[in-house]
Amino acid sequence: MLRLIATSLCLRCQHVTALPLKLRSCTTFSSVENRQTVDALYDLSVDIQKVRQLNGWVLHQSPAYTKEVAALLKDMGAPGPIIARILAIHPEAVLCNPEHMQTQRELWMSVCPSEKELVGIIEKFPASFFTSSSHHDNQRNNIAYFQSLNVNKRIVTKLMASAPQSFSRPVEQNQMMVHTLQRAYQDLGGEEANMKIWLQKLLSQNPFVLLKPPEVLRQNLMFLKDRGFSTAQLLRLLSKLKGFVTELNLDSMRRTLKFSQDTIGCSEAELRDIILKCPALLYYPESTLAERFKGLLSAGISMSQITETPTVLELTTQIVNYRIQRLKARGYDIRTGSLDALNGTKKDFEVSFGKLQLRRERPLFNPVAPLKVDD
């Protein structure tokens, strides 16, 4: 019992210290719940038990602006159930000053197409909207910077929602990373006319790329160049990896590449071709690849099939076995057929499986077509 109490107190302390400085400086903590906050949340049909279980410390803060938050969201077109869901997921929102929230609304609307769309973003990423007021200047400067690059407003909105840290920090840090990406693109032979589209696609696919140290990108590209990848191939990798080149670890890459080459039994040139088809080989740890190679081979799939369609290594062993059983039930033998039927996302697989089923069920002749007969 004492251990449970101590754990609970530690967790509560962690929550309190996680509050932004601006919020902590103007709120006070009480040993009893703020009755006005609790009553206001009840009136909004918020799941109070969920709030108490996950963020109970919020209910002890004063002042709180529950009604003001609800009024702001309602004014933007959010219906009652959505307001209740937002406050249940992120009750910290009630600690945000109304003036601060209005400033946030204006900042986001400078890049968001409509308030309806903004409500949808807040529902998915409430913590990104209800942030510390000390970040407003940085947010404003970063928005202006990305607009100066002619980055699509929807992508700017996605960056603010998915990686809010990149907008709460000084704009100079983002400028440095963007410059590094642009320089890498140019040095690898990318065409100037396509750089804007390339950068937008990269930021859209991996918003967190901005938070990575620029030096890591340069080191990883140099490592891959030393492994024999041409500049054109490196540009393909930088694009296909969706910016994950910035997240790769040199030692981990060395071990993974050696393991893959030894397991497949191929030359370095052949390994480069395989990696270009499946860049995931660069960042999966040896233990993950070992399990997946073993699972594929034990299912009767040959190494030549794997090297022909290496993206199958992106699937977990459980997914592979599940899909093999479904294909087998339709009479498809994965050991003699193409792994394309096994490959891809869940949606890709269902499409391939559906086409396979249609081919099996298709009639041998068209019953409404006129028959050709001798006179």
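Just above, that's the structure.
Let me sum up the structure you'll find in this document. Since we're looking at a predicted model, the values are computed, not measured.

1. Quick word on the overall build of the chain
Check the secondary structure of the chain and you find 22 helices and 2 strands. Classification of the 375 residues of the chain by burial places 43% in the buried group. Summed over all atoms, the accessible surface of the chain reaches about 20500 Å², with 54% contributed by carbon and sulfur.

2. With respect to the packing of aromatic side chains
Following the criterion strictly, the structure yields 8 aromatic pairs and no others. For Arg326, the ring lying beneath its charged end belongs to Phe353, and the centroid distance is 4.3 Å.

3. Quick word on unusual backbone geometry
Peptide bonds are trans in most cases, and residues, glycine excluded, mostly fall at negative phi. The linkage connecting Ser62 with the following residue, Pro63, adopts the cis geometry, with an omega of 5°. Mapping Pro63 onto the fold places it in the loop between strand S2 (61-62) and helix H5 (66-75). Positive phi values are uncommon outside glycine, yet Ser45 reaches one of about 65°. Secondary-structure assignment places Ser45 in the loop between helix H3 (35-43) and helix H4 (48-55).

4. Looking at the environment of Arg326
Turning to its location among the elements, Arg326 is positioned in helix H21 (residues 317-329). On the basis of relative accessibility, which here comes to 22%, the residue Arg326 falls in the partly exposed class. In this structure the C-alpha to C-alpha distance between Arg326 and Leu342, which are 16 residues apart in sequence, comes to 9.8 Å.

5. Things to note about helix H13 (residues 171-187)
Over its 17 residues, H13 extends 24 Å from the first C-alpha to the last, a length consistent with the 24 Å expected when each residue adds 1.5 Å. Among the residues of H13, those classed as buried are Val171, Asn174, Met177, Val178, Thr180, Leu181, Gln182, Ala184 and Tyr185. On its buried face, H13 is in contact with helix H10 (136-148), helix H12 (165-168), helix H14 (195-205), helix H15 (214-226) and helix H16 (231-240). Remark: Gly189 follows H13 within two positions and exhibits a positive phi of approximately 95°.

6. Remarks on the layout of surface pockets
There is about 290 Å³ of room inside the largest pocket. Every residue along the wall of the largest pocket is listed here: His179, Thr180, Arg183, Ala184, Asp187, Leu188, Arg218, Leu221, Met222, Lys225, Thr231 and Leu234. Going through the elements one at a time, H13, H15 and H16 are the ones with two or more residues in the lining of the largest pocket. In terms of residues, the lining of the largest pocket owes the most to one element, H13, which gives 5 residues. A breakdown of the residues in the lining of the largest pocket according to their chemical character gives 5 nonpolar, 3 polar and 4 charged.

7. Focus on the pattern of salt bridges
Across all of its chains, the model carries 14 salt bridges by this definition. Among the ionic pairs, Glu350 bridges to Arg326, the shortest N-O distance being 2.7 Å. Taken together, the residues span a long stretch of sequence, with Glu350 in helix H22 (residues 346-361) and Arg326 in helix H21 at a distance of 24 residues. A cluster of three or more residues bridged by salt bridges with shared partners is formed by Asp75, Arg105 and Glu115.

8. Regarding empty space enclosed by the protein
Counted by the stated rule, this structure contains 2 cavities of 30 Å³ or more. Approximately 40 Å³ is the volume found for the largest cavity. Lining the largest cavity are Arg227, Phe229, Leu257, Glu268, Leu271, Arg272 and Ile275. A per-element tally of the lining of the largest cavity places helix H18 (residues 268-277) first, with 4 residues. A class-by-class count of the residues in the lining of the largest cavity yields 4 nonpolar, no polar and 3 charged.

9. Let's talk about the packing of H10 against H13
How two helices pack is summed up by the angle between their axes together with the distance between the axes. The contact between H10 and H13 brings their axes to 9 Å, and the two run at 30°. As judged from the angle between their axes, H10 and H13 are roughly parallel. The residues of H13 that touch H10, namely those facing Asn141, Asn142, Tyr145 and Phe146, are Val171, Asn174, Gln175 and Val178. The residue makeup of the contact of H10 with H13, split by class, is 4 nonpolar, 4 polar and no charged.

10. Examining the environment of Lys355
Along the polypeptide, Lys355 turns up in helix H22. The spatial distance from the C-alpha of Lys355 to the C-alpha of Ala341 is 9.7 Å, given a sequence separation of 14 residues.

11. Notes on the side chain of Arg105
Examined against the element boundaries, Arg105 turns out to sit in helix H7 (residues 98-109). Given the relative accessible area of 10%, Arg105 is considered buried. Not counting residues up to four positions away in its chain, the partners in contact with Arg105 are Leu72, Asp75, Met76, Glu115 and Phe129.

12. Let's talk about the packing of helix H11 (residues 153-162) against H14
Running from N to C, H11 and H14 cross one another at 30°; their axes reach a closest spacing of 9 Å. Of the possible angle classes, the one that applies to H11 and H14 is roughly parallel. You can see that H11 and H14 cross each other, and the crossing is left-handed. Residues Ile155, Lys158 and Leu159 of H11 touch H14, and the partners they reach there are Gln200, Leu203 and Ser204.

Conventions and cut-offs
- Along each chain, the written sequence defines residue order, and numbers are assigned to residues from 1.
- In view of the model being predicted, local features appear only for residues whose pLDDT reaches at least 70, and side-chain atom pairs are presented and counted only at 80 or more, with totals across whole chains, interfaces and linings using the full set of residues.
- Hydrogens and waters are ignored; side-chain quantities use all the structure's heavy atoms.
- Working definition: helices are DSSP H or I runs of at least four residues, strands are E runs of at least two. Numbering for both runs from the N terminus.
- Relative accessibility thresholds used throughout: buried, under 20% of the residue-type maximum; exposed, over 50%; partly exposed, between the two (1.4 Å probe, protein chains only).
- All accessible areas in this document rest on Shrake-Rupley with a 1.4 Å probe, and a residue is counted as covered only by the protein chains that are shown.
- By convention, a stacked pair of Phe, Tyr or Trp rings (six-membered ring in the case of Trp) has centres within 6.5 Å and planes under 30 degrees apart, an edge-to-face pair has planes over 60 apart, and any other such pair is tilted.
- Whether a charge sits over a ring depends on NZ of Lys or CZ of Arg being within 6 Å of the ring centre and within 35 degrees of the ring normal.
- The length a helix should cover is 1.5 Å for every residue beyond the first.
- Residue contacts follow a heavy-atom distance rule, with two residues in contact if any of their heavy atoms lie within 4.5 Å.
- A pocket, in this scheme, is an open set of points on a 1 Å grid over the protein atoms alone with protein on both sides within 12 Å along at least 5 of 7 lines, while a cavity is a set where a 1.4 Å probe fits but cannot get out; residues line either one if an atom lies within 4 Å of a point.
- Grid points are joined across faces, edges and corners, and a volume is the space filled by probe spheres set on the points.
- Three classes are used: nonpolar for Ala, Val, Leu, Ile, Met, Phe, Trp, Tyr, Cys and Pro, charged for Asp, Glu, Lys and Arg, and polar for all others, with Gly counted as polar.
- Here, a salt bridge means any Lys or Arg side-chain nitrogen found within 4 Å of an Asp or Glu carboxyl oxygen.
- Fitting a line to C-alpha atoms yields each axis, with helices limited to the stretch in contact; the angle taken between N-to-C directions then spans 0 to 180 degrees.
- Orientation labels follow simple angle bins: below 35 degrees gives roughly parallel, above 145 gives roughly antiparallel, 65 to 115 gives roughly perpendicular, and whatever is left gives oblique.
- Each helix crossing is assigned a hand: it is left-handed if the near helix lies turned anticlockwise from the far helix by less than a right angle, otherwise right-handed if that turn is clockwise.

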